[in-house]
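Each chain, written out:
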Amino acid sequence: MTVLIVTGTDTGVGKTVVTAALAAAARGSVAVMKPAQTGVTADEPGDLQDIQRLTGLTDLHEGVRLLDPLAPTTAGRRQGLALPSIDTHAKAIDDLAADHDLVLVEGAGGLLVGLDEDGHDLADLAALLTVPFAFVVVCRAGLGTLNHTGLTVEALRNRQLPIAGLVIGSWPGEPDLAEQCNADDLPATTGVPVLGRIPAGAGQLDRESFEAAADRWITARLTCTDTL
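Residues numbered from 1 in each chain as written. Predicted model: local features only at pLDDT ≥ 70, side-chain atom pairs only at ≥ 80, totals over all residues. Heavy atoms only, no water.

Under an unreviewed UniProt entry, the name given to the protein chain is ATP-dependent dethiobiotin synthetase BioD, and the organism recorded is Kribbella italica. Here is the UniProt Cofactor (unreviewed entry) comment for the protein chain, exactly as written: "Mg(2+)". Heading Sequence similarities (unreviewed entry) of the UniProt record for the protein chain holds this comment: "Belongs to the dethiobiotin synthetase family." (UniProt positions renumbered as here; feature names shortened; annotations may be inferred.)

Written out as structure tokens, the structure is:
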């Protein structure tokens, strides 16, 4: 696939660090697109800057930046700022895919969070792409993740959007019983493979350590296993 779209079962599940790990583990030319960044001022570092710090990647593209740490549609309305349409985002991603081996797209919040003034979400954006793509779903390790992950996977399947796999966004150094069981149960209950587990605190590593470990964290080959 040319484009991997990184979404999450919730906000704060580790999408940015997973995106950085996918970029570090990739071969060939890579670009990263963030359609909407919320909760930062114009001068503050956002998710793309974290990816740059962890990987050294500089081919980074941000669609719109919004002040309030809210869904882009809500933040844009409060700020009085007209948001780019999902058609605009889709064209930008298609254009990047024409010149790169891999384009990583990091969503805002979860799959169905609104991205433009009409309430279109990341699933709607993906449906407009003209290049091969698949979703990577970032999920939690602990209690509740089977339900949250299952709901996201079901939403993708209902829209006939392909899924490459799941990544546990923050894997504890000493997992408890629920976390250990969830690691086994996630692929069994969703029918989607777990591509890897990112250790808790990985986002605080220096670039050299992060890049050296990324191949170990993303342990499964990235192929589209689910097109229903």
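Attention now goes to unusual backbone geometry. The backbone phi angle of Gln-160 is positive, close to 55°, even though this residue is not glycine. On the secondary structure map, Gln-160 appears in the loop between helix H6 (145-158) and strand S6 (163-171). (Helix = DSSP H or I, 4+ residues; strand = E, 2+ residues; numbered from the N terminus.)

On the UniProt side, "active site" (unreviewed entry) is annotated at positions that read Lys-34 here. Among the structural elements, Lys-34 can be located in strand S2 (residues 30-38). When near neighbours in sequence (up to four residues on either side) are disregarded, Lys-34 contacts Asp-47, Leu-48, His-61, Glu-62, Gly-63, Glu-106, Gly-107 and Ala-108. (Contact = heavy atoms within 4.5 Å.)

For the coordinates displayed, the defined rule picks out 2 aromatic pairs. With a centroid separation of 5.2 Å and an interplanar angle of 75°, the aromatic rings of Phe-210 and Trp-217 are classed as edge-to-face. One exposure class covers both Phe-210 and Trp-217, and it is buried. Over the ring of Trp-171 we find Arg-197, and its NZ or CZ is 4.5 Å from the ring centre. (Phe/Tyr/Trp six-rings, centres within 6.5 Å; stacked < 30°, edge-to-face > 60°. Buried < 20%, exposed > 50% of the residue type's maximum accessible area, 1.4 Å probe, protein only. Lys NZ or Arg CZ within 6 Å of the ring centre and 35° of its normal.)

Here we come to the environment of Asp-124. Mapped onto the elements of the fold, Asp-124 is located in helix H5 (residues 122-127). Taking relative accessible area as the criterion, Asp-124 reaches 30% and is therefore assigned partly exposed.

With that settled, the discussion passes to the pattern of salt bridges. Under the counting rule described, the total for this entry stands at 9 salt bridges. Two residues, Asp-50 and Arg-53, come together in a salt bridge whose shortest N-O distance is 3.6 Å. Taken as a pair, Asp-50 and Arg-53 lie in helix H2 (residues 47-55) at a separation of 3 residues, close to a single helical turn. Among the salt bridges present, the one from Arg-65 reaches Glu-62, with a minimum N-O distance of 2.9 Å. One continuous salt-bridge network, built from bridges that share partners, spans Lys-34, Asp-47 and Glu-106. (Salt bridge = Lys/Arg side-chain N within 4 Å of Asp/Glu carboxyl O.)

The next point concerns the nonpolar core. Counting residues in hydrophobic clusters, the biggest one holds 41 residues, and the most contacted among them are Val-3, Ile-5, Ile-93, Phe-133 and Phe-135. For Val-3, the residues in contact, after removing those within four places along its chain, are Ile-93, Ala-97, Val-103, Val-105, Leu-129, Val-131, Pro-132, Phe-133 and Ala-134. (Core = buried A, V, L, I, M, F, W, Y, C linked by side-chain atoms within 4.5 Å.)

What follows concerns the sheet that holds strand S4 (residues 102-110). Strand order in the open sheet made by the 7 strands is S3-S2-S4-S1-S5-S6-S7, with parallel pairing throughout. The sheet is open, and its two edges are formed by strand S3 (60-66) and strand S7 (194-199), each paired on a single side. Going across the sheet, the axis of each strand differs from the next one's by a mean of 20°, ignoring polarity. Where S2 meets S4, 4 bridges bridge the pair, whose relative direction is parallel. Paired with Met-33 across the bridge in S4 is Val-105. In this fold helix H7 (residues 177-190) packs onto strand S5 (133-139), S6 and S7, with an angle of close to 170° to the strand it touches most, S6. (Pairing = 2+ DSSP bridges. Axes fitted to C-alpha atoms, helices over the stretch in contact; angles between N-to-C directions.)

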